[in-house]
Amino acid sequence: MKNYLMLLVAFLSFATVQSQTTVEKIKSEKLNETRDIQLYIPEGYSEDKVYPIIVVLDAHYLFESVVANTRYYSYWDEMPECIVVGINQYEKENRAKEVAFNDASGLPEKKSADFFEFIGMELIPFVEKNYKTANFKMIIGHDDTANFANYYLFKEAPLFDAYINLSPYFAPKMEDRIVTRLEEFETKKFYYLATADEDTRKEAQRVRALNESLSALKNENIFYYYDDFTEANHNSLAVQAIPRAMSKIFTMYRPISVKEYKEKIVTLQTSPYLYLIDKYKTIEELFGFEKRVTVNDFMAIYAAVRKNKKDEDLELLAKLGKKEYPDTALFHFFMGEFYEKTGKPKKALRMYQNGFSMNPIDFITKDLMLDKADKLKQDFGW
């Protein structure tokens, strides 16, 4: 954690200079006022891509941390580049009204109901109109605003796919409503919950009780994560929880790790190639766009194919490699090895020779292709 925080500080410093953050003024009919919105657009923004949206409540103190973590994780390809939208709520009195609820029903009322509609009917459409956005949306809140974010769960078609609850102060009946609603979902949703040892005692007890209920959920469509931080209080837990939440929610997006390789892939009785295809199909379904297969993942699956002697997967990997990295020797290397394993040395030799003229990728260099070709010649006396 110490090393991570040092790197994050470096990224925050860099972000001060390189930031693509602007302040936009949105005239809201729902709120009958003009709101200042902080907007972060990734530095490499392109009209050829689509970007998930992250909405940050209490942006006046949470926004920079969210942006820094988004930039950090996307730099290492551990989450997609995202558009981050921050709603400043400086004035305590206005903030209280914007997230207020009826004491009897526990539901938004008056300005809170208007604020709810402002986000769904004005803010999100504004971002979608002006930028290329993916289907995936996340919302982040702290104490009262975390509670408020949960109201979007109860819409028939929820606006958000992921909910980050930082030490929430729940409205009456909210915990029961959350459990009931998450049990019902037939589409994938992500739910993160955090408290701390030094959090507000009463609220921490409610959060921990909710965790027990959510931990017992049987719905495979719900990806639930929980952290109870030691040596943190109600305010400081946010700095620790935001990177934890993002890391967990985007686990599927990350390149295959050593742990994933050892625990999930090497132990497969079925095709490692199909595991790779399923992984990227899930990424597309969850986040709304097609991700290019990373070189890391090609090599992890290649290692598993060799270890498990799934020779037929080499041909499938080769064809995928040609699609994803057509200017490299990936296709020729995998096809060459496939032909070797299936008793077709002349075809293997031709593949290695043709691959020599292609661009190297990872460990597949021109020298390797030449060595493979020379070895075949020697083995068969050609």
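Residues numbered from 1 in each chain as written. Predicted model: local features only at pLDDT ≥ 70, side-chain atom pairs only at ≥ 80, totals over all residues. Heavy atoms only, no water.

Next up on the list: the overall build of the protein chain. The number of helices and strands found in the protein chain is 15 helices and eight strands. Based on the C-alpha atoms only, the size of the protein chain along its principal axes is roughly 85 × 45 × 40 Å. Counting over 382 residues, the protein chain shows a buried share of 52%. Of the roughly 18,900 Å² of accessible surface on the protein chain, a fraction of 50% belongs to carbon and sulfur atoms. Here the protein chain contributes 52 positive and 59 negative side-chain charges, whose respective centroids are spaced 5 Å apart. (Helix = DSSP H or I, 4+ residues; strand = E, 2+ residues; numbered from the N terminus. Buried < 20%, exposed > 50% of the residue type's maximum accessible area, 1.4 Å probe, protein only. Areas by Shrake-Rupley, 256 points an atom, 1.4 Å probe, with all protein chains shown as cover. Lys, Arg positive; Asp, Glu negative; His and termini not counted. Charge placed at Lys NZ, Arg CZ, Asp CG, Glu CD.)

Here we take up the environment of Y61. In this fold, Y61 is placed in helix α2 (residues 59–75). Judged by relative accessible area, which is 39%, Y61 ranks as partly exposed. Counting along the chain gives 251 residues from Y61 to E312, while the straight-line C-alpha distance between them is 54 Å.

For N211, the position within the fold is in helix α7 (residues 201–215). Overall, N211 belongs to the buried group, its relative accessible area being 14%.

A separate point is the sheet that holds strand β1 (residues 21–28). For sheets, the rule is that strands pair by backbone hydrogen bonds, running either parallel or antiparallel. A sheet is described by the order of its strands in space; here eight strands give the open sequence β1-β2-β4-β3-β5-β6-β7-β8, paired in mixed fashion. Where the open sheet ends on each side, the last strands, each with one partner, are β1 and β8 (222–233). The average angle at which neighbouring strand axes cross in this sheet is 20°, direction not considered. In this sheet, strand β2 (residues 33–40) lies alongside β1 in antiparallel orientation, the contact comprising eight bridges. In the strand pairing of β2, T22 is matched with L39. Here α2 sits on the sheet and contacts β1, β2, β3 (51–56), β4 (83–87), β5 (133–142) and β6 (162–166); the angle it forms with β4, its principal contact strand, is near 170°. (Pairing = 2+ DSSP bridges. Axes fitted to C-alpha atoms, helices over the stretch in contact; angles between N-to-C directions. Contact = heavy atoms within 4.5 Å.)

Moving on to the environment of S247. Among the secondary structure elements, S247 is positioned in helix α8 (residues 237–249). Measuring from C-alpha to C-alpha, the distance between S247 and E78 comes to 7.6 Å, with 169 residues separating the pair along the chain. In this view, S247 contacts Y73 and R254; residues no more than four positions away in its chain are not counted.

For helix α9 (residues 258–265), the set of buried residues is E260, Y261 and I265. The arc that holds every buried residue of α9, seen down its axis, measures 100°, which confines them to one face. In α9, the exposed residues that point more than 90 degrees away from the buried face are V258, K259, K262 and E263. As for α9, its buried residues are in contact with α10 (272–287) and α11 (295–308). (Arc of directions from axis to C-beta.)

This part takes up the pattern of salt bridges. Under the definition given, this model contains 28 salt bridges. Of the charged contacts in the structure, one is a salt bridge between R206 and E175, with a shortest N-O distance of 2.7 Å. In this pair, R206 is assigned in helix α7 and E175 in helix α6 (residues 174–184), connecting sequence segments 31 residues apart. A single burial state applies to R206 and to E175, both of which are buried. In this structure, K323 and E324 form a salt bridge, with 3.4 Å as the shortest nitrogen-oxygen distance. Where salt bridges share partners, they join E33, R35, E98 and K111 into one cluster. (Salt bridge = Lys/Arg side-chain N within 4 Å of Asp/Glu carboxyl O.)

Turning our attention to α7. Taking 1.5 Å per residue, 15 residues should reach 21 Å; α7 reaches 21 Å between its end C-alpha atoms and fits that length. Looking at α7, one finds that the buried residues are E203, A204, R206, V207, L210, N211 and L214. Looking down the long axis of α7, one finds its buried residues gathered within 160° of arc, a one-sided arrangement. Residues R201, K202 and E212 are exposed on α7 and point more than 90 degrees away from its buried face. (Expected span 1.5 Å × (residues − 1).)

This brings us to the nonpolar core. Ranked by size, the top nonpolar core spans 80 residues in total, and within it I54 and L166 carry the most contacts. For this core, the element with the most residues is α11, which contributes eight residues. With residues near it in sequence (within four places) discarded, I54 still touches V66, T70, M79, C82, I83, V84, V85, M138, I140 and M246. Counting 46 residues, the second-largest nonpolar core is a separate cluster that includes V127, A149, Y152 and Y224. (Core = buried A, V, L, I, M, F, W, Y, C linked by side-chain atoms within 4.5 Å.)

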